[in-house]
Amino acid sequence: MKSPKIMTPLVHSFVAHFGEMGSRWGINRTVGQIYALIFVSPKPLCADEIAETLSYSRSNVSMGLKELQSWRLVKLRHVAGDRREYFDAPSDAWEIFRTLAEERRRREMEPTLSMLRSALLETPSCDEDKVAQERMKGMHDLIELMSNWFDDVQRLDAQTLAKLMRMGARVQKLLELTGQLKSGSKE
């Protein structure tokens, strides 16, 4: 058996951290470490290289790669003259953020909106159902507002999005100012 490839201390630290954070983000440690290794690699990696470097079984790596592909976080690459499949990850942090946000929306927000829409179409059979529907309507409206906002944000280029994020609470002051200007122009 070959000895595992050695990671530099910097790469090892990053990979270990992503493994620990994975469980907090809803993925297992193995998948987090596989992703981190691919992300920092200067070249696409095949499953055998990943398994060897992380000392994981080939089947564990294959399952992790399938999960990462389903999240669109890694892409399959072919290398001329090599029958193995190689994987790489986008290096642009904004692209990764957009992909993760879109996948979370598709997996979490859209099914919830669909369920809420169905629940709101039903005729309440008692006062408890009326209260429940009122609360569901508030949740539906908020999630739909967030979803529409997300669509708008996804269309922004990375530089504009970064500027918007840097504005932080100053956006509120801008909105207050425009509100004052509008009310002042009506007088």
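Here is a short report on the structure shown in this document. Note that this is a predicted model, so its numbers are computed, not measured.

### Notes on the sheet that holds strand 3 (residues 85-88)
Thinking step 1. Pairing in this open sheet of three strands is antiparallel, and the strands run 1-3-2 from one edge to the other. Each having just a single partner strand, strand 1 (45-46) and strand 2 (75-78) make up the two edges of the open sheet.
Thinking step 2. Inspection of the sheet shows strand 2 paired to strand 3 by four bridges, in the antiparallel sense. Note that in strand 3 the partner of Arg-77 across the bridge is Tyr-86.

### Describing the nonpolar core
Thinking step 1. Formed by 25 residues in total, the largest nonpolar core has its most connected members in Ile-34, Tyr-35, Ile-38, Ile-50, Leu-54, Val-61 and Leu-65.
Thinking step 2. Every element with two or more residues in this core is listed here: helix 1 (9-24), helix 2 (29-40), helix 3 (47-54) and helix 4 (58-70).
Thinking step 3. In terms of residues, this core owes the most to one element, helix 2, which gives six residues.
Thinking step 4. Setting aside residues no more than four positions away along its own chain, Ile-50 makes contact with Ile-34, Leu-37, Ile-38, Leu-45, Val-61 and Leu-65.

### Quick notes on the layout of surface pockets
Thinking step 1. Counted as a void, the largest pocket has a volume near 300 Å³.
Thinking step 2. Lining the largest pocket are 13 residues, with Trp-25, Ile-27, Leu-73, Leu-100 and Arg-104 positioned closest to its centre.
Thinking step 3. When residues of the lining of the largest pocket are traced back to their parent elements, those giving at least two are helix 2, helix 4 and helix 5 (93-121).
Thinking step 4. Approximately 210 Å³ is the volume attributed to the second largest pocket.

Parameters and conventions
Residues numbered from 1 in each chain as written. Predicted model: local features only at pLDDT ≥ 70, side-chain atom pairs only at ≥ 80, totals over all residues. Heavy atoms only, no water. Pairing = 2+ DSSP bridges. Helix = DSSP H or I, 4+ residues; strand = E, 2+ residues; numbered from the N terminus. Core = buried A, V, L, I, M, F, W, Y, C linked by side-chain atoms within 4.5 Å. Buried < 20%, exposed > 50% of the residue type's maximum accessible area, 1.4 Å probe, protein only. Contact = heavy atoms within 4.5 Å. 1 Å grid on protein atoms, 1.4 Å probe; cavity = no way out; pocket = protein on both sides within 12 Å on 5 of 7 lines; lining within 4 Å. Points joined across faces, edges and corners; volume = space filled by probe spheres on them.

Spatial relationships are all this shows, so hold off on functional conclusions.
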